[in-house]
Amino acid sequence: MALMCLLAIAFVVVAFLRDSPRHLAAPIAAVVVIAGLSVGLYAYIGSPDVPSGRGQAPDIAQMVASLAARLEQQPDDVNGWKMLGRSYTTLGNFPAAVSAYQKAVELESALNAQTLVDLAVAVAQADGQQLTPRAVSAFENALAIEPNHPEALFYGGIAAFNRGDVGLAADRWERLLSTDPPPEVRAIIEERVAVWRGQPLAQRPAEVPAAETSGAIVSASISVADDARDALPPGASVFIIARDPAQPSPPIAVARRPLSELPTVISLGDRDSMIPGRTLSAFDEFELVVRASVSGNPAEAPGDWYGATMVRPAESSTVALTIDTEVQ
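Because the structure is a prediction, the values reported are computed rather than measured.

What counts and how
- Residues numbered from 1 in each chain as written.
- Predicted model: local features only at pLDDT ≥ 70, side-chain atom pairs only at ≥ 80, totals over all residues.
- Heavy atoms only, no water.
- Pairing = 2+ DSSP bridges.
- Helix = DSSP H or I, 4+ residues; strand = E, 2+ residues; numbered from the N terminus.
- Core = buried A, V, L, I, M, F, W, Y, C linked by side-chain atoms within 4.5 Å.
- Buried < 20%, exposed > 50% of the residue type's maximum accessible area, 1.4 Å probe, protein only.
- Axes fitted to C-alpha atoms, helices over the stretch in contact; angles between N-to-C directions.
- Parallel < 35°, antiparallel > 145°, perpendicular 65-115°, else oblique.
- Left-handed = near helix turned anticlockwise from the far one by under 90°.
- Contact = heavy atoms within 4.5 Å.
- Nonpolar A, V, L, I, M, F, W, Y, C, P; charged D, E, K, R; others polar.
- Salt bridge = Lys/Arg side-chain N within 4 Å of Asp/Glu carboxyl O.

S.K.: Can you help me understand the sheet that holds strand 5 (residues 286–293) in this one?
M.R.: In any sheet, the strands associate via hydrogen bonds between backbone groups, in a parallel or an antiparallel arrangement. Sheet architecture is open: five strands sit in the order 3-2-5-6-8, paired in antiparallel fashion. In the strand order of this sheet, the two ends are held by strand 3 (253–258) and strand 8 (325–326), each with one partner.

S.K.: Honestly, the nonpolar core in this entry has me stumped. Any pointers?
M.R.: In a soluble, globular protein the nonpolar side chains are often hidden away together inside. Core analysis: the biggest nonpolar cluster contains 45 residues, and Leu-84, Tyr-88, Phe-139, Trp-173 and Ile-189 have the highest contact counts within it. Within the residue set of this core, elements represented by two or more residues are helix 2 (60–73), helix 3 (78–91), helix 4 (94–107), helix 5 (113–126), helix 6 (133–145), helix 7 (150–162), helix 8 (166–177) and helix 9 (183–197). If you tally residues by element for this core, the top one is helix 5, at nine residues.

S.K.: Explanation requested: the packing of helix 4 against helix 5 in the structure shown.
M.R.: Packed helices, taken two at a time, are described by their axes: the angle between them and the distance between them. Interaxial distance between helix 4 and helix 5 falls to 8 Å at its minimum, and their mutual angle equals 155 degrees. Between helix 4 and helix 5, the interaxial angle falls into the category roughly antiparallel. Both helix 4 and helix 5 take part in a crossing whose hand is left-handed. Between helix 4 and helix 5, the residues in contact are Phe-94, Pro-95, Ala-97, Val-98, Tyr-101, Gln-102, Ala-104 and Val-105 and Thr-115, Leu-116, Asp-118, Leu-119, Ala-122, Val-123, Gln-125 and Ala-126, respectively. Among the residues forming the contact of helix 4 with helix 5, the class breakdown is twelve nonpolar, three polar and one charged.

S.K.: Would you mind showing me how to read the packing of helix 5 against helix 6 here?
M.R.: Orientation of helix 5 relative to helix 6, taken along the N-to-C sense of each, is 165 degrees, at an axis distance of 8 Å. Taken together, helix 5 and helix 6 sit at an angle that is classed as roughly antiparallel. Relative to helix 6, the crossing made by helix 5 is left-handed. Contacts between helix 5 and helix 6 involve Ala-113, Leu-116, Val-117, Leu-119, Ala-120, Val-121, Val-123 and Ala-124 on the former and, on the latter, Arg-134, Ala-135, Ala-138, Phe-139, Asn-141, Ala-142 and Ile-145. Considering only residue class, the contact of helix 5 with helix 6 consists of 13 nonpolar, one polar and one charged.

S.K.: What should I look at first to understand the pairing of strand 6 (residues 305–311) in this one?
M.R.: Both strand 5 and strand 6 contribute to a ladder of seven bridges, which runs antiparallel. The residue bridging Arg-291 from the neighbouring strand is Tyr-306, located in strand 6. Both strand 6 and strand 8 contribute to a ladder of two bridges, which runs antiparallel. Bridge assignment links Trp-305 to a residue of strand 8, and that residue is Glu-326.

S.K.: Before we go on, may I ask you to explain the side chain of Ser-267 in this structure?
M.R.: Note on placement: Ser-267 falls in strand 4 (residues 264–269). Overall, Ser-267 belongs to the buried group, its relative accessible area being 18%. Beyond its immediate sequence surroundings of up to four residues, Ser-267 is in contact with Ala-216, Val-218, Ser-219 and Asp-272.

S.K.: Can you walk me through unusual backbone geometry in this structure?
M.R.: Of all residues except glycine, most have a negative phi; of all peptide bonds, most are trans. The peptide bond linking Leu-262 to Pro-263 adopts the cis configuration, its omega dihedral lying at 5 degrees. Note that Pro-263 resides in the loop between strand 3 and strand 4. Notably, Ser-109 is not glycine yet its phi reads approximately 55 degrees, a positive angle. Relative to the elements of secondary structure, Ser-109 occurs in the loop between helix 4 and helix 5.

S.K.: Before we go on, may I ask you to explain the pattern of salt bridges in this structure?
M.R.: Note that side chains of opposite charge can pair when their charged atoms are close. Taken as a whole, this structure holds ten salt bridges when the rule is applied. Put simply, Glu-285 and Arg-312 hold a salt bridge, and the shortest N to O gap is 2.7 Å. Taken as a pair, Glu-285 in the loop between strand 4 and strand 5 and Arg-312 in the loop between strand 6 and strand 7 (318–323) lie far apart in primary sequence, 27 residues in all. Residue Glu-285 is classed as partly exposed on the basis of its relative accessible area of 30%. Several salt bridges share partner residues, and in doing so they unite Glu-140, Arg-163 and Arg-172 into one network.

Put into structure tokens, the structure is as follows:
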């Protein structure tokens, strides 16, 4: 389910180091992820070749190498291949993760929906976060086995839309709604299904008075260049994204508006945070990106248009941004 939150594939909280204690939330979350992997690997492979002295941090790469070596001797260990795939994914070695998950899929005769989804996600990551035919095939096979698998429905819906089968895309995302996705995702899914069904979008509530936006960290005056306006469809979605330039995925905070509302002023604050505990107010500096999406999906794609600037809230909490650059 976590993969659904940003349409991004690897949703592990990013690790970054700051001097101030108020910036420790994300590093701590990342340490928890790595520690969880360490414990899982340690429990699975034991410790013959892994340093485990008191006070010594586990060497994840060495533990993964030890597991890979064990699997060379025990190639029928399906759970070991899955553990190896998860481990390579966490380390960012996506081609190796693909190979490991492929072994697990073969051992299970391609009958486990979750393993197929894990393989598909790894393939997409290895291919630059693109839904290539191999990834789509694995998602489709997962849906054939488990028709209500949330991740398979999510990506299967995108794949159906990409090949022009809008009705199937809507069917899949409507089924996805029945799986109770997180609130920050539900609104996006409902809006996209309405567009695919040709239904009118729900009316946005009126803008709240300025006195009620005191929680804003940044307020952006957003406009659209003439070239961008001419190139974009009237129903394009605009994503306002605050991100750490050193580690842009996942974003810190996100808001969404229809292109028809621009020009306008849009504010982002802690209420727009994508991950609990990782708030916009915890950053002394961040990049603000405003991107008009042709497809309606948050993931950047050729034909989208954007504008970007760095924001330092202590210096100024108001910025002006123009959507004027095309994604190639």
